[in-house]
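# Survey of secondary and tertiary structure
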Amino acid sequence: MLKTSYDFDQAILPAGSSLKTNILLRFRAEIAESPRRNLNLSLVIDRSGSMAGAPLHHALKAAESVVEQLEPDDILSVVVYDDEVDTVVPPQAVTNKAALKNSIHKVRAGGITNLSGGWLKGCEHVKTQLDPQKINRVLLLTDGHANMGIQDPNVLTATSGQKAELGVTTTTLGFGQGFNEDLLIGMARAASGNFYFIQSIDDATEVFSIELDSLRAVVGQNLNVTLELADGVSLVDTLSLAKVSQNDAGKTAIALGELYEGEDKLLGLSLVISSAQVGELPVMKLHYSADVVQNDLIQSVSGTADIFAKVGTVEEAALASTSHIILELSRLTIAKAKETALNLAEDGRHEEAEQILRALVKDFRDRGLNENFEIAEEIDQLEYFASRIAQKALGNAGRKELRDQSYQTMTRNRSDLGGRGVTAGDEVYAMPIVNEVGSGVELHCVREGGKLRIKVMSEGYDSTKNIQFPRAIRAEGARYVVEGLELSSDGTFYRVRGNITRLAQAGEPDIFVAHSQSRSTNTGKASKGPASAADLLTTDTVGDNILVQCVKDGSKLRARAVSDGYEPDWNMRFPRSVREEGMLYVVDEVKTAPDGKSYIACGEIKRFVQPTITN
């Protein structure tokens, strides 16, 4: 059974002409408790050079955690890709977890990123085991841009939608700071799958677990809604992240994707009503359909609901309570504003983007919504992003956080996915520093579930309460001293009072010293090698350096840069004495040669060794 309900942002709309209102529609599949659906899953993991070291280590550990959580009736395949695409686990039932994990153990970092090849192979494996009663899903993880195979984002996005129509859905996971979020979000949206931003490499296992939990909770798919608007009612905007189109009858059709057990699927709509008389006003007829679990089978269900608004006098409208729905609509409004502001900023309209965010902050404060902690946190996020956009300093990390926050809120109704972001702003490095707490209150910034939270350390305060604190100066591990804390009006969280300084106690290392703008190892001089590769020092980390690979090119051994941002086809001046086919190296710097179409390896060269994965 598919249950629908709705609420307007005003319980009673004021009578009169031309009013704007928002409505929140809820959809929920109500089913009797039944066994979870089995999975037909393919993990597709980027093993290109940019994943070398800790990123691949954590990605493989996360893959192992997936194996551990699957059941014998689940089907799993594992694909890894760089230049080459390899199936390290062919599609099979998860009956021998030790053998599956052992296959994953053997994966090593390689060359450049053939994202399309790896993803299509994963789709092929899922297709061979396709079962409409199972969840048929590809989980695509990458940390970089596709630079081999099909690279056109439009083609990949369209193909993702085509695969979904054939029954194979794609979830995308962006790892670190180098991936193309527009591509991954586009593929996920086209397929009605999910997207996740893995901000910190040690978050990979947690994020994989969130997706597995989601897959286990899928109780409905292909939720489609058609709006038949009443005369005098027009649709201004869709606040949820859904595929909106016009059907053959000219009606607005909205595809909302999957339904999850115990979770409402939300659809926010912004409407304009040309005129309204006191009484019950017909607003629209809602037609909906979905494939829902019923009696342990997937069955198609559909229905129709009539949507009415209550219209009263201006006085009645002003007195009507709407607090229970305002917060949910506010979250969607915030997410839509973030998406709009980012699009404007990328179009060079920074001032307009900033004004949208700041106007929303003012509106929330004027309405007293900052007395709710979640909205107070969002206000800090909006002010932070508004400031970064105004300075034209949003940056790669800020862009990814903004896009992720907007996507998650408009797609899922889960608090653990909304408002995530752990990037430290430059402001923390410029803060005034004190060496002791004195009469102030000590605070500490920690990372919790992909968010930066502030905790009170001083005695006399409730350490379990959240603290509203400027997002711009949050940084994991930082300690602060504030003049005082005061409770919110409802007593559920603290606000900072007075000046804020950063605490750096004497005798302890300060991890937030000013950034060094250059690396001392960059000499600019061409690299020189020892007598053989065996004489090179080894390292299992790449860090800020460049990964180089030696490949066979005809009868020659050629060095190429495989870190993101470099042309893999360009030749490179690299010591011949240390070239060995297939070997990976870490060099301090790679410079463009005077001819403008080749590279020069500069500084020290080390041999890269894949870190050992331990249980």
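Above this text sits the structure in question.
For the structure given in this document, a descriptive report is provided here. The shown structure was predicted, so the numbers you read here are calculated from the model rather than taken from an experiment. (Residues numbered from 1 in each chain as written. Predicted model: local features only at pLDDT ≥ 70, side-chain atom pairs only at ≥ 80, totals over all residues. Heavy atoms only, no water.)

### Looking at unusual backbone geometry
The condition that has to hold: Starting at the N terminus, helices and strands are each numbered in turn, a helix being any DSSP run of H or I of at least four residues and a strand any DSSP run of E of at least two.
Positive phi outside glycine occurs at S192, with the angle close to 60 degrees. Structurally, S192 is set in the loop between α5 (181-191) and β9 (195-198). Positive phi outside glycine occurs at K392, with the angle close to 55 degrees.

### Examining empty space enclosed by the protein
Inclusion rule: A 1.4 Å probe that fits but cannot get out identifies a cavity on a 1 Å grid over protein atoms alone, an open set with protein on both sides within 12 Å along at least five of seven lines counts as a pocket, and a residue lines either if it has an atom within 4 Å of a point. Grid points are joined across faces, edges and corners, and a volume is the space filled by probe spheres set on the points. Classes in brief: Ala, Val, Leu, Ile, Met, Phe, Trp, Tyr, Cys and Pro nonpolar; Asp, Glu, Lys and Arg charged; the others, Gly included, polar.
If you walk through the whole model with that rule in mind, you get 2 cavities of 30 Å³ or more. Its boundaries defined by the atoms lining it, the largest cavity holds a volume of some 220 Å³. Looking at the lining of the largest cavity, the elements with two or more residues in it are α5, β13 (252-260), β14 (265-276) and α11 (395-411). Per element, the largest residue contribution to the lining of the largest cavity is 5 residues, and it comes from β13. Each residue belonging to the lining of the largest cavity can be placed in one class, and the counts come to 9 nonpolar, 6 polar and 5 charged. Looking at the second largest cavity, its volume works out to about 40 Å³. Forming the walls of the second largest cavity are S240, D264, K265, L266, T409, M410, T411, R412 and N413. Elements that contribute at least two residues to the lining of the second largest cavity include exactly β14 and α11.

### Side note on the side chain of E401
As a reminder, the rule being used: Pairs of residues are marked as contacts when any of their non-hydrogen atoms sit within 4.5 Å.
In this fold, E401 is placed in helix α11. Apart from the residues lying within four places of it in its own chain, the contact partners of E401 are F197, Q199, F385, R420, G421, V422, T423 and R471.

### Here's the deal with the nonpolar core
Just so we agree on the cut-off: We define the nonpolar core as a collection of buried residues of types Ala, Val, Leu, Ile, Met, Phe, Trp, Tyr and Cys that are connected through side-chain atoms lying within 4.5 Å of one another. Summary of the burial criterion: residues with accessible area below 20% of their type's maximum are buried, those above 50% are exposed, and those between are partly exposed, where the area comes from a 1.4 Å probe applied to protein chains only.
Counting residues in each nonpolar core, the largest one holds 47 residues, and the members touching the most others are L41, L43, L76 and L141. By residue number, the principal contributor to this core is helix α1 (residues 54-69), which donates 7 residues. If we ignore the near neighbours within four places in the chain, the residues touching L76 are L41, L43, V67, L70, V89, P90, P91, Q92, V94 and L100. Core analysis: the second largest hydrophobic core is formed by 34 residues, I23, L223, A276 and A309 among them.

### A closer look at the pairing of β14
Put simply, the rule is: Only when DSSP finds a minimum of two bridges between them are two strands counted as paired.
Of all 12 residues making up β14, 9 are buried, and the element is well covered by its neighbours. Sheet analysis places strand β3 (residues 16-29) next to β14, joined by 11 bridges and oriented antiparallel. Bridging from a neighbouring strand, G16 pairs with A276 of β14. Here strand β11 (residues 233-238) pairs with β14 via 5 bridges, running antiparallel. Paired with D237 across the two strands is S270, which belongs to β14.

### A short note on the side chain of S330
As for its position among the elements, S330 is in helix α8 (residues 323-346). Relative accessible area serves as the criterion here: at 3%, S330 is assigned to the buried category. Leave out the neighbours within four places in its chain, and S330 touches F364, L369 and I375.

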